[in-house]
Structures are given as C-alpha cells and as structure tokens.
Amino acid sequence: QRGLSGEENLNNSIENLEYRIVEAIRSLAQTTVEKVVFLEGHGELNEHDVYDLTQLLAQYYQVDRGCLGNEAGVLDGYAAVIIADPQLPFSEKDKFILDQYIMQGGRVLWVVNGVKFSSDFLSSQGTTPVVALDLDINDMLFRYGVRINHGLVQDLQCLPIPVDVSTNAQQPNWQPMPWTYAPLLLTSQQSPITRNVAQLSAMMVSAVDIVGGEDGIRKEVLVATSSASKFTAVPAQVNLSMGVDDEQSYQYAYIPVAVSLEGEFESLYAYLGAPETVVSNNSVLKKSVPTRQVVVAAGSAIRNEWQHNQPLPLGYDRYTKTQFGNRDFMLNAVLYLTDDEGWLQLRQKEITLR
C-alpha cells in the first residue's frame, strides 16, 4: 500500500496470513463448485474487458456469461450475479427477474456508472462529452437503500496523465499532469472486503447516495474519495488537458463511491406484479430472505487494459507502473457476497505493531 512504511505493510501481510491459510484449506476441502455469472444484454463490458477478473474468479467458481431471457428462474443456482458497467437501460422484465432473484437470497455485484462518456473519443480526440446515464434501475436501487448520482466526482488525489505542454506541434513535450477525473479512491479499514486493500484507480466516477433511513438494511461505505473532492454536474465537456482548476473548490470529503448492503430487502414489485413478458409459475415475493449486495459507482474500476495483446492485471496503471487495489477489491466483493460461513471475517484480524 502506497503511503505506508515497510513495517506497516509487513504487518498487514501478517494480519492476512491466517485468512490465506484458511482459504487454501477451504479450497482443498471443497466438494462442489459454486457458479457466478456476468450479466449480458445491456452493453456490459465484454470478456476481453473483464478477462483478468474472470481468470481470478475461475480459481473459486464456475464463471458463466449470458442474457436473462424470459424465464423468471433463469438465475436460480447462481451464487452471485455480476453486472459490469452496463450502458443500455434495463427492461421491466430483466428488473423483475433480478428483483425476484434477490428476494430468494440472490447476491448481486452492481458496478454501474451514473454518467455516460466515450473512452474512444477521449483517447483519440482528447475530449468527450459527459451526460447522465439512465439505466432505469435507480428505482430498484432506491428501494434497496442506495442511489447512483448522475454526476462526476473530481479529486485532488488523482492519477497523473501525460499531457503535451509544447507549443510546437513538431516537438511534443509530454509531461505528467494531475487529472482530477481519475481519482485514487480510499478503501475502508472496517470491512473485510477492503481491509488492507490498496487505493483503487478509476476514471469518470460517480457517487453513491445512501437512502432509506432506518429500514433494517446494514449499509457500509467501502470506497470513498479523499478529503479534497468535489462533485460536477452533467452534461459537461471533459478533456485531458484539464488540470487542477481551483483547489479551494474541492471542499467535499469522503464522497461514497462503493457501498455494501446486507439485510432483508423489499421488492420493487411487491404491489406491481410480474410483467406480462415474464414466464413464471410462482407468486411475487414481497420481501427477501437475509442476503447481500455491493454497489460500485465506477464502471472503469472493473475493466482491465491490454498491452501487446496481453491482458494487464486489473488496476494496473501503465503510465505510473503502479498496481492499485482494484483486483483485490473486486475479488473480495464476490467472495463476500457468497460467504455464508463467515470465513472472510478473518481478514479483519488485527495484530498490533510491536
């Protein structure tokens, strides 16, 4: 972890040692393999973009991909569903199938943006328009206890990017410049998902609002911005040459970007009934059994890059040659969702430095 001394990083490794041993024994003792699925059909990231996480999850699960179809029980048998940066709205049919899967105890990792932009335009033209991304799932998430904010988070703690500062087009002069639209996100030390996990890197990040008050759902912030952040409304035009404009305007602190939810959720369709296009022989479940969800408002945080036709580790930044904590965070999030025995709690073991 950047910013920690060698002694502190070594101590973090020691704290994690018991969990690693138990994890190895548990893997050896497993007699069945659980299944997880990457959802498709809404412009989600393809296999190429989530290759590294898929290979990582394959050490623990059977990893599938697919669309939902019309059968209400199509997700039965899956330990968790991963929704990786969708770009197209969800139909009422798909929302109903997901909702009833959750009501039966299903677990979902939502990695969704609140804004839409073009990474191709950004890389080729150096600029992109940014608009609100309406996936038509905010009513679902609001019922479960969170809301994805349609806006951009900026942070003074951010990745540098190479910018040509030369006035002569024939002699470019590339210099590292801080780009506040690529914040380095802080991880909570209170959750087994993020304890001792390094900062996360992401680009064009949104915020998660916690809603619902005393609804019985345990909500825990997993990832947040630094103490010098600000929130920018959309639509907006963003370009790579935008440096730090006015440091005094970064007045917000620790804006939530990822949240875990645990408890008994109320169904969005408790009083609406099933859509006509859904094939189901069961009545609509109005409240879930105890279950879990994780919501991450940063679609880029789950996407790996490629170099020379080889996948780079998730969270690796080519420019600074730094490995960030995206890989550990996404894996731990799925392990947390499927952990009914509580063995992930060993990651919270604390050993005091001598």
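Going by the structure above, here's the rest.
Here is what the cut-offs are and how they apply
Residues numbered from 1 in each chain as written. Predicted model: local features only at pLDDT ≥ 70, side-chain atom pairs only at ≥ 80, totals over all residues. Heavy atoms only, no water. Pairing = 2+ DSSP bridges. Helix = DSSP H or I, 4+ residues; strand = E, 2+ residues; numbered from the N terminus. 1 Å grid on protein atoms, 1.4 Å probe; cavity = no way out; pocket = protein on both sides within 12 Å on 5 of 7 lines; lining within 4 Å. Points joined across faces, edges and corners; volume = space filled by probe spheres on them. Nonpolar A, V, L, I, M, F, W, Y, C, P; charged D, E, K, R; others polar. Expected span 1.5 Å × (residues − 1). Bend = angle between axes of the 7 residues up to and from the residue. Buried < 20%, exposed > 50% of the residue type's maximum accessible area, 1.4 Å probe, protein only. Right-handed = clockwise from strand over helix to strand, strands pointing away.

## Description of the sheet that holds strand β6 (residues 127–132)
(1) Moving on: Pairing in this open sheet of 3 strands is antiparallel, and the strands run β5-β6-β15 from one edge to the other. A strand with exactly one partner marks an edge of an open sheet, and here the two such strands are β5 (115–116) and β15 (236–239).
(2) Moving on: Pairing of β5 with β6 involves 2 bridges; the strand directions are antiparallel. Bridge pairing in β6 links Val115 to Ala132.

## Observations concerning empty space enclosed by the protein
(1) Moving on: Inspection of the entire model under this criterion finds 2 cavities of 30 Å³ or more.
(2) Moving on: When its volume is computed, the largest cavity comes out at roughly 70 Å³.
(3) Moving on: In this structure, the largest cavity is lined by Val112, Asn113, Gly114, Leu133, Asp134, Leu135, Asp136, Ile137, Asn138, Ile148 and His150.
(4) Moving on: In terms of residue class, the lining of the largest cavity is built from 5 nonpolar, 4 polar and 2 charged.
(5) Moving on: In this structure, the second largest cavity occupies an estimated 50 Å³ of space.
(6) Moving on: What lines the second largest cavity is Arg26, Gln30, Glu34, Tyr60, Tyr61, Leu335, Thr338 and Trp343.
(7) Moving on: Across the lining of the second largest cavity, the residue classes break down as 4 nonpolar, 2 polar and 2 charged.

## Describing helix α1 (residues 6–29)
(1) Moving on: Here α1 is 24 residues long and its end C-alpha atoms lie 34 Å apart, about the 34 Å a rise of 1.5 Å per residue gives.
(2) Moving on: Along its length, α1 reaches its greatest deviation from straightness, about 35°, at Asn16.
(3) Moving on: Turning to α1, its buried residues number three or more, namely Asn11, Asn12, Glu15, Asn16, Tyr19 and Glu23.

## Re the pairing of strand β1 (residues 35–39)
(1) Moving on: In terms of burial, β1 is a largely internal element, 4 of the 5 residues being buried.
(2) Moving on: Note that β1 and strand β3 (residues 78–84) share 4 bridges and pair parallel. Bridged to Lys35 within β3 is Tyr78.
(3) Moving on: As paired strands, β1 and strand β2 (residues 62–66) are joined by 5 bridges and run parallel to one another. Residue pairing for β2: Phe38 is matched across the bridge by Arg65.
(4) Moving on: In this fold, the crossover linking β1 to β2 by way of helix α2 (residues 51–57) has right-handed handedness.

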